[in-house]
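Each chain, letter by letter, is given below.
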Amino acid sequence: MRTKRRITIWRGLLSALSIILLIGTLNACGKQESTYAGSPLADAQAQDSREEADLAVHYLDVGQGSAALLESDGHYVLIDGGVNEYSSFVVSYLKKQGVETLDYVVITHYDADHLAGVIGVLHQFSVNQVLSADYEADTKLYRSYTEIMEERSVREQHPRIGETYTFGSALIRITGPVKYDYEDENDNSVSAVVSAGSNKFFFGGDMGEASETDVLEEGVDVEADVYLVNHHGSDTATTEAFLEAVAPSAAVISCGSGNSYGHPKEAVLERLSEQGAEVYRTDIQGTLIARSDGREIIFDQKPDKAETDANQAGAAGEETREYILNTNTKKFHLPDCGSVKDMKEKNKRSFVGSRQEVLDEGYSPCGNCRP
Ligand SMILES: [Zn+2]
Ligand SMILES: [Zn+2]
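About the criteria used
Residues numbered from 1 in each chain as written. Chains lettered and ligands numbered in written order. Predicted model: local features only at pLDDT ≥ 70, side-chain atom pairs only at ≥ 80, totals over all residues. Heavy atoms only, no water. Phe/Tyr/Trp six-rings, centres within 6.5 Å; stacked < 30°, edge-to-face > 60°. Lys NZ or Arg CZ within 6 Å of the ring centre and 35° of its normal. Donors = N, O, S within 2.8 Å, 3.2 Å for Na, K, Ca; no water. Tetrahedral: all angles 85-135°; square planar, octahedral: opposite > 155°, others 65-115°. Helix = DSSP H or I, 4+ residues; strand = E, 2+ residues; numbered from the N terminus. Buried < 20%, exposed > 50% of the residue type's maximum accessible area, 1.4 Å probe, protein only. Pairing = 2+ DSSP bridges. Axes fitted to C-alpha atoms, helices over the stretch in contact; angles between N-to-C directions. Arc of directions from axis to C-beta. Contact = heavy atoms within 4.5 Å.

The chain is annotated in an unreviewed UniProt entry as MBL fold metallo-hydrolase of Qiania dongpingensis.

Have a look at this one:
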C-alpha cells in the first residue's frame with residue numbers, strides 16, 4: 001500500500017517537473033506556440049493512458065462546410081466530409097496523409113455541406129463503420145449516399161449518448177443528440193467528445209439551441225479544450241449556457257470566406273471572447289491542425305485574433321488605400337480580389353481609408369486577398 005502511494009506521489013512530482021521543464025524549454029526558445037493543457041481533474045482520471053496518447057485533428061478548409069480528419073497511432077476517423085466542390089480536395093488530403101482505411105466515418109447529419117464529401121471518401125477508401133444520424137433525408141444526395149453504402153456493404157450505426165468508440169489511443173464518446181426527430185434536421189446532428197489522455201475535442205455538426213439545451217438538461221458532460229463551433233458560427237447555436245458547459249480554451253470555426261450566411265456571427269465571436277476561447281477560422285487561416293500528446297494541444301498556427309492584432313500593430317494598419325466592401329457579407333477586399341467581380345452591384349461599396357477604419361466599421365478581411 002505504502003509503496004503504491006509513494007509511486008503515485010512520485011509520478012505526480014515527475015509530471016509536474018516535466019511540465020515546468022517543458023515550459024522552460026518553450027520560453028528558452030522564445031517560441032509562442034498556442035498550447036492548451038487539459039483540466040487537472042481529467043488529468044488525474046487519465047493518469048495511466050496520458051503518456052501514451054496521441055491525436056492529431058485536421059480541421060479541413062472545405063469552404064462553407066465542415067470536415068475533420070482525426071489520426072491516432074495510425075488509425076483514422078473522418079467527421080463529416082464538406083461540400084461537393086471540395087470533395088476531391090478531401091480525397092487527396094486523406095491520400096497525402098497516407099490514409100487507406102478509416103476506422104470510423106461520422107456523419108453528423110445529411111445536409112450537403114457535411115455529407116457530400118463523405119460520398120467521395122466512401123468511393124475511394126475502405127471504411128470500417130459509419131456512425132450517422134438516425135433519420136432519412138429526402139434529397140438526391142442522401143439517395144446516392146445510401147446507394148454507395150449498399151454497394152460497399154459498409155456497416156452503419158446510429159449512435160446513442162454515452163456510447164464510446166476507440167481508434168488508436170483516442171476515444172470517441174457520443175454526447176448527442178437526445179433524440180433524432182427534431183423539427184430542424186440540424187438539431188439531429190450527432191455530437192461527440194473525442195479525447196486523448198486529458199485532452200478533449202468537441203464536435204457537434206450543426207446542432208442548434210434546441211439540441212444544445214436538451215443535451216445540457218440530460219446532464220451530458222460536453223467539456224472540451226477545443227470546441228468546433230456549432231453550425232459554422234451561426235447565432236442560432238452556441239448559446240451562452242452551452243458554451244459555459246464546454247468551457248473551451250480554443251474554438252475552431254469552419255466556414256467559407258464571404259459566405260452568404262454571414263457566418264460566423266458577431267454575437268458568437270463575442271460569446272467566445274467572453275468565454276476566453278482563442279479563435280481559429282478556416283475561412284481566414286485555411287486548414288488547421290491541432291496535435292495532442294494527451295497532456296497538451298498545440299496548433300500549427302497562431303489564433304486568428306493574434307494575427308489580426310499583429311496586423312493592426314503594423315504600419316499597414318495606418319496606410320490609406322481603397323478597399324471594396326461587401327455590405328451584405330460584411331467582408332472587405334482589395335480592389336483586384338476575384339470575389340469583387342462576383343459581388344452583386346447593390347452590395348458593393350468602395351471605401352478609402354485605413355485598414356483599421358474598415359475593421360472599426362465592423363467588416364472582416366477576405367480570406368483570399370487578405371487585405
Ligand atoms: Zn453545416
Ligand atoms: Zn446543416
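Okay, back to it.
Novice: Describe the packing of aromatic side chains, with residues and values.
Specialist: Under the defined criterion, the tally for this structure stands at 14 aromatic pairs. Just above the ring of Tyr182 sits the side chain of Lys179; from NZ or CZ to the centre is 4.7 Å. Above the face of the Tyr323 ring, Arg321 is positioned so that its terminal group lies 5.7 Å from the ring centre.

Novice: So what about the coordination of the zinc ion (ligand 2)? Which residues, and what values?
Specialist: Within the protein, His109 (NE2), Asp111 (OD), Asn186 (OD1) and Asp206 (OD) serve as the donor atoms for the zinc ion (ligand 2), at 2.1 to 2.3 Å. Geometry at the zinc ion (ligand 2) is irregular, judged from its four donor atoms and the angles of 84 to 168° they form at the metal. Along the chain, the residues that donate to the zinc ion (ligand 2) are spaced as H-x1-D-x74-N-x19-D. In this structure, the zinc ion (ligand 2) is positioned 3.6 Å from the zinc ion (ligand 1), and both are ligated by Asp206. Taken together, the positions of His109 in the loop between strand S5 (101-107) and helix H4 (112-124) and Asp206 in the loop between strand S11 (199-203) and helix H6 (209-217) put the pair 97 residues apart, joining distant regions of the chain. With respect to burial, His109 and Asp206 carry one shared label: buried.

Novice: Requested: an account of the coordination of the zinc ion (ligand 1), with residues and values cited.
Specialist: Under perfect tetrahedral coordination by four donors, a metal shows angles of 109.5 degrees; under perfect octahedral coordination by six donors, it shows angles of 90 or 180 degrees. Bound to the zinc ion (ligand 1) are the protein donor atoms Asp113 (OD), His114 (NE2), Asp206 (OD) and His232 (NE2), situated 2.0 to 2.1 Å from the metal. Coordination at the zinc ion (ligand 1) comes from four donor atoms whose angles at the metal span 89 to 144°, giving a geometry best classed as irregular. Ordering the donors of the zinc ion (ligand 1) by residue number gives the pattern D-H-x91-D-x25-H. Accessibility expressed as a relative area gives 15% for Asp113, which makes it buried.

Novice: Please provide a residue-by-residue account of the sheet that holds strand S1 (residues 35-37), values included.
Specialist: Across the sheet, nine strands lie side by side as S1-S16-S15-S2-S3-S4-S5-S6-S7; this open sheet has mixed pairing. With partners counted over all chains shown, the strands left at the sheet margins are S1 and strand S7 (155-157), one partner each. Recorded for the sheet is a direction-independent mean angle of 20° between the axes of neighbouring strands. Bridge count between strand S15 (residues 288-292) and strand S16 (residues 296-299): three bridges; the pairing is antiparallel. Bridging from a neighbouring strand, Ser292 pairs with Ile297 of S16.

Novice: Outline helix H3 (residues 87-96), listing residues and values.
Specialist: Think of an α-helix as 3.6 residues a turn; residues three or four steps apart then line up on the same face. Every buried residue of H3 is listed here: Ser87, Val90, Val91, Tyr93 and Leu94. Seen from one end, H3 has its buried residues packed into an arc of 165°, which puts them on one side. Exposed and facing more than 90 degrees away from the buried side of H3 are Ser88 and Lys96. Considering only its buried residues, H3 is in contact with strand S2 (55-59), strand S3 (67-72), strand S4 (75-81), S5, H4 and S15.

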